[in-house]
Amino acid sequence: MPELPEVETVRRMLIDTVVPKEIVKVEVYYEKIVDGDAADFAKRLTGQSFESIDRKGKFLIFILSQDAFISHLRMEGKYELVDAAFPRDKHEHLSFFLEDGTRLRYLDVRKFGRVKLVDKQDYLKEPSLMKLGPEPWDITSDYFYQRIHRSEKPIKSLLLDQSVIAGLGNIYANEVCFRVGLSPKTPGKKLSKKKAEEILEASKTILTEAIRYKGTTIHTFSSNGESGGYQDHLLVHGQKNCPTCGRELTKEAVGGRGTYYCKNCQK
DNA sequence: TTTTAGACCTGTTTGC
DNA sequence: TGCAAACAGGTCTAAA
C-alpha cells in the first residue's frame, strides 16, 4: 500500500518522466476517480504542461502551467508511463496522452484513489491537505509528545492519524512500534517524553530507509512497473516470527487495522 | 471534543 | 472442485 516512501518514489519517477511535457488529451474511464466534474477535469487539463510534482504526506500534487491537481493513491493506485498506443489495462481509470507519444496512466485495482483539480496558487488550502500534520522530519519531539500524551488512543492509531504526523501507514506504523519495543496498544497518555522521542526518531529512520529502497512492494504497488525493495527489510509486518526472540508474532486488529507485534519483545 | 463505525472497492484467501 | 464469506486498508463522513 502506498505510504510516504512509495509516494515519494512515484513523485521522483514522475519528475523524471513527465516534466515538462504537454498534455494533448485526457481520458477518464472511471468518473468516480475524479473528485468533481470528470469532463471538466479532462477539458481543463488538455493543452497544459507539467511544471513540477510536489508531495505533502501521501498526497501527490501535480503543478501544471495554469492549474494543479492533487492525487491520492489510497490502497493500490499507481502511475505508469507507457506508449500512447499500448493497450488499455482493465484497471486503467485515467490517462494523460503526452506530446511525445507517451501516455501517463493511472491504474487502481480497487478504485479507491482520487484526483481533484485545485487552485494552483493556494493548493495548500485544500481541506484534505490543510488537515495534514507535519512530516516526521519537520517536527520536534516536544511537539509530538504534546500531540499524543493526553490521548487514550493506542500509539498505533496515533501514528496512523495523519493530522498528528503525516506519512506513516499501517505497514510502517507496525515497524516503528517494533523498532522501539513498544506494544502498539499502549495508550498515548502512558508514554514518556523519552519514549515519544524514540518513536519519532524510529519513524524518521524507517521512512528514510524505505525511500532509499524505493518503498515497499506488497501485492500490486509499483511505480512505473518497478518494484520497491523495502519489503525484504520488514521486521514484523506480514512476518511469522519475531526477528529478535524467534517467538511467533501476534496478529490482531488495533484501531481496526491488522497489526503484527511480538508480545515478548514489545511491552 | 474525541473516538468509533461504516462506506468506498475488488482480488485473494479461507472455510465449508 | 466450487461457491460464499471474510479480509486487506487510507481517508472521509456521520454518529455516538
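Chain A is annotated in an unreviewed UniProt entry as Formamidopyrimidine-DNA glycosylase of Ohessyouella blattaphilus. One UniProt comment on chain A, placed under Subunit (unreviewed entry), says "Monomer." Among the UniProt annotations of chain A, the heading Sequence similarities (unreviewed entry) holds the following wording: "Belongs to the FPG family."

## Considerations on the sheet that holds strand β6 (residues 92–98)
Sheet architecture is open: four strands sit in the order β1-β6-β7-β5, paired in antiparallel fashion. The sheet is open, and its two edges are formed by β1 (23–28) and β5 (78–83), each paired on a single side. Taken over all neighbouring pairs, the strand axes of this sheet differ in orientation by 20° on average, direction set aside. Docked against the sheet, helix α2 (residues 38–45) engages β1 and β6, running at close to 170° with respect to β1.

## A few points about the protein's contact with DNA strand C
Neighbouring residues of DNA strand C: 15 residues in total, closest Met-75, Arg-110, Phe-112, Lys-251 and Arg-257. By atom count, sugar and phosphate contribute 52% of the portion of DNA strand C lying within 4 Å of the protein. Side-chain polar atom of His-72 to a phosphate oxygen of DNA strand C: 2.8 Å apart, as the coordinates give it. Between DNA strand C and Asn-170 there is a distance of 3.0 Å, counted from a phosphate oxygen to a side-chain nitrogen or oxygen. Counted by class, the surface near DNA strand C contains three nonpolar, six polar and six charged residues.

## Examining the pattern of salt bridges
Once the charged atoms of two side chains with opposite charge are near each other, the side chains can pair. Per the stated rule, a full pass over the model turns up 22 salt bridges. With a shortest N-O distance of 2.7 Å, Glu-8 and Arg-12 are connected by a salt bridge. Here Glu-8 and its partner Arg-12 are both found in helix α1 (residues 4–17), four residues apart, which amounts to about one turn of the helix. With a shortest N-O distance of 3.8 Å, Lys-153 and Asp-161 are connected by a salt bridge. Several salt bridges share partner residues, and in doing so they unite Glu-8, Arg-11, Arg-12, Arg-55 and Glu-135 into one network.

## As for the environment of Glu-80
Structurally, Glu-80 is set in strand β5. Expressed as a C-alpha distance, the spacing of Glu-80 and Asp-108, which sit 28 residues apart in the sequence, is 11 Å.

## Side note on the protein's contact with DNA strand B
DNA strand B sits among Tyr-30, Lys-32, Lys-90, His-91, Val-109, Arg-110, Lys-111, Phe-112, Ser-151, Glu-152 and Lys-153. The sugar-phosphate backbone supplies 70% of the atoms of DNA strand B found within 4 Å of the protein. Within the contact set of DNA strand B, a phosphate oxygen lies 2.9 Å away from a side-chain nitrogen or oxygen of Tyr-30. Between DNA strand B and the protein, one listed contact pairs a phosphate oxygen with a side-chain N or O atom of Ser-151 at 3.1 Å. Partitioning the surface near DNA strand B into residue classes produces three nonpolar, two polar and six charged.

## Describing the UniProt feature "active site" (unreviewed entry) in chain A
Under the present numbering, the feature "active site" (unreviewed entry) in UniProt falls on Pro-2, Glu-3, Lys-58 and Arg-257. A residue is classified by how much of its surface remains accessible, and Pro-2, at 5% relative accessible area, is buried. With a relative accessible area of 2%, Glu-3 lands in the buried category. Sequence-distant contacts of Glu-3, that is, excluding residues within four places in its chain, are made with Lys-58, Gly-167, Leu-168, Gly-169, Asn-170, Ile-171 and Tyr-172.

Parameters and conventions
Residues numbered from 1 in each chain as written. Chains lettered and ligands numbered in written order. Predicted model: local features only at pLDDT ≥ 70, side-chain atom pairs only at ≥ 80, totals over all residues. Heavy atoms only, no water. UniProt positions renumbered as here; feature names shortened; annotations may be inferred. Pairing = 2+ DSSP bridges. Helix = DSSP H or I, 4+ residues; strand = E, 2+ residues; numbered from the N terminus. Axes fitted to C-alpha atoms, helices over the stretch in contact; angles between N-to-C directions. Contact = heavy atoms within 4.5 Å. Near = heavy atom within 4 Å. Polar contact = N/O pair within 3.5 Å; in protein donor to acceptor, adjacent residues only side chain to side chain. Nonpolar A, V, L, I, M, F, W, Y, C, P; charged D, E, K, R; others polar. Salt bridge = Lys/Arg side-chain N within 4 Å of Asp/Glu carboxyl O. Buried < 20%, exposed > 50% of the residue type's maximum accessible area, 1.4 Å probe, protein only.

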